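Descriptive structure summary
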Amino acid sequence: MKTIRLIYPQWQGGNIARWIPNIPAEDASRGYYLGSMLLNFLAPETDNQTFTVPVSTDISERIEKNGVLDHDIIASQTKAALDTLRIASPDKVVTLGGECSVSVPVFSYLADKYKGDVAIVWIDAHPDITLPGDDYNGYHAMALTACMGMGDKEIIGQLPASVPTDAVCLAGLRECEYPYIEKRVEELGLTHYSPQQLAGTSQPVIDWLKKSGKSKVMIHFDMDVMDPADILAAVADGPAGGLKLNEVVRLINDIASSKELIALTVAEPMPRLAIRLKNMLAQLPLIK
């Protein structure tokens, strides 16, 4: 079984600068790019091949099209990610992002490879099931709907497969942001568990996986699922009450012990301190 590490520093899916006022807007917007590189630097060394999806850092003009911010560049980078996966031909993928949409081409590729015998556990404070035309135009909030085959036709049309709603579980959900998103969770019939339900046990998710009938599982881990009082690694410093770091680690390992883990995405690291240090160094003599 061939496992690869995919560095996918896509940041364009986020429209986040307003939530990080102590960092220059352009640096905040591209923070996920640096975050992806830092995850790769910090991750243990491995004999597995590493591939990097080419991602533009140009921020000169951000254009909304079809209800999606930076639509064309996201469509182009989605194609680049799929091309990389087809060339690498992996059986399993560890993805270090980048914002949440980095899971989309990976999960679609593996859903196609395994003929639908896959389940998704989406570990996230948010459900990421918005659609073009909703109040927020960031594609990272549309990532799970994209995995389920819903969204912009040009982007979704590239994907080789989708995952049905009954094969998706939301873990750690604590904020839907808009009432219609909460309603959409119910309309789609998505199984979901709160941080409180998972704080002391992984059993609800393990039981759901057993009932799913799927032999393989893909995990998406958005760092904002964690309680900011325990570790602040994502964009927002709220809402409070998320999973603790050790609880997330336990949950992911329990899932991997329950089913064959074929994908693990770590997404949305926002390295505030690293960005500020980078900007400091750029102002010192003899360095730049």
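Details of the structure are given in the entry above.
1. Overview of a nonpolar patch on the surface
Residues Leu273, Leu277, Met280, Leu281, Leu284 and Ile287 make up a contiguous nonpolar surface patch of roughly 530 Å² in combined accessible area. Positionally, Met280 belongs in helix H11 (residues 272–281).

2. A word on the sheet that holds strand S5 (residues 92–97)
What the 8 strands build is an open sheet, ordered S2-S1-S5-S10-S9-S6-S7-S8; its pairing is parallel. Strand pairing shows two members of the sheet lacking a second neighbour, strand S2 (49–52) and strand S8 (191–193), which therefore form its edges. Averaged over all adjacent pairs, the angle separating strand axes in this sheet is 15°, with direction ignored. In the sheet, strand S6 (residues 118–123) pairs with strand S9 (residues 216–222) via 6 bridges, with the strands oriented parallel. Following the sheet pairing, Trp122 is matched in S9 by His220. The sheet contacts of helix H3 (residues 71–88) involve strand S1 (3–8), S2 and S5, and relative to S1 the element is tilted by about 160°. Sitting on the sheet, helix H9 (residues 203–212) is in contact with S6, strand S7 (168–171), S8 and S9, with an inclination near 160° to S6.

3. Describing unusual backbone geometry
At the junction of Gly97 and Gly98, the peptide bond is cis and its omega measures out at 25° in the coordinates. Here Gly98 lies in the loop between S5 and helix H4 (103–113). In this structure, Lys115 is a non-glycine residue whose phi angle is positive, near 55°. Tracing the chain through its elements places Lys115 in the loop between H4 and S6. The phi angle at Asp128 is positive, at roughly 55°, despite the residue not being glycine. By the secondary structure assignment, Asp128 is in the loop between S6 and helix H5 (143–147). For Asp128, a relative accessible area of 7% translates into the label buried.

4. So, the packing of H3 against H4
A pair of packed helices can be characterised by two numbers: the angle between their axes and the separation between those axes. It is the contact of H3 with H4, at a shortest axis distance of 9 Å, that shows an interaxial angle of 40°. On the basis of the axis angle, H3 is oblique to H4. Read as a crossing pair, H3 and H4 show a hand that is right-handed. Mapping the contact onto sequence places Thr78, Ala81, Leu82, Leu85 and Arg86 in H3 and Pro105, Val106 and Tyr109 in H4. Split by residue class, the contact of H3 with H4 holds 6 nonpolar, 1 polar and 1 charged.

5. A look at the packing of H9 against helix H10 (residues 245–258)
Here H9 crosses H10 at 25°, and the two axes come no closer than 10 Å. Between H9 and H10, the crossing angle belongs to the class labelled roughly parallel. The interaxial crossing formed by H9 with H10 has right-handed handedness. Residues Val205, Ile206 and Leu209 of H9 touch H10, and the partners they reach there are Leu251, Asp254, Ile255 and Ser258. Looking at the contact of H9 with H10, its residues break down into 5 nonpolar, 1 polar and 1 charged.

Each value, and the rule that gives it
Residues numbered from 1 in each chain as written. Predicted model: local features only at pLDDT ≥ 70, side-chain atom pairs only at ≥ 80, totals over all residues. Heavy atoms only, no water. Patch = residues over 30% accessible without salt bridge, like charges linked within 9 Å, V, L, I, M, F, W, Y side chains within 5 Å. Areas by Shrake-Rupley, 256 points an atom, 1.4 Å probe, with all protein chains shown as cover. Salt bridge = Lys/Arg side-chain N within 4 Å of Asp/Glu carboxyl O. Helix = DSSP H or I, 4+ residues; strand = E, 2+ residues; numbered from the N terminus. Pairing = 2+ DSSP bridges. Axes fitted to C-alpha atoms, helices over the stretch in contact; angles between N-to-C directions. Contact = heavy atoms within 4.5 Å. Buried < 20%, exposed > 50% of the residue type's maximum accessible area, 1.4 Å probe, protein only. Parallel < 35°, antiparallel > 145°, perpendicular 65-115°, else oblique. Left-handed = near helix turned anticlockwise from the far one by under 90°. Nonpolar A, V, L, I, M, F, W, Y, C, P; charged D, E, K, R; others polar.

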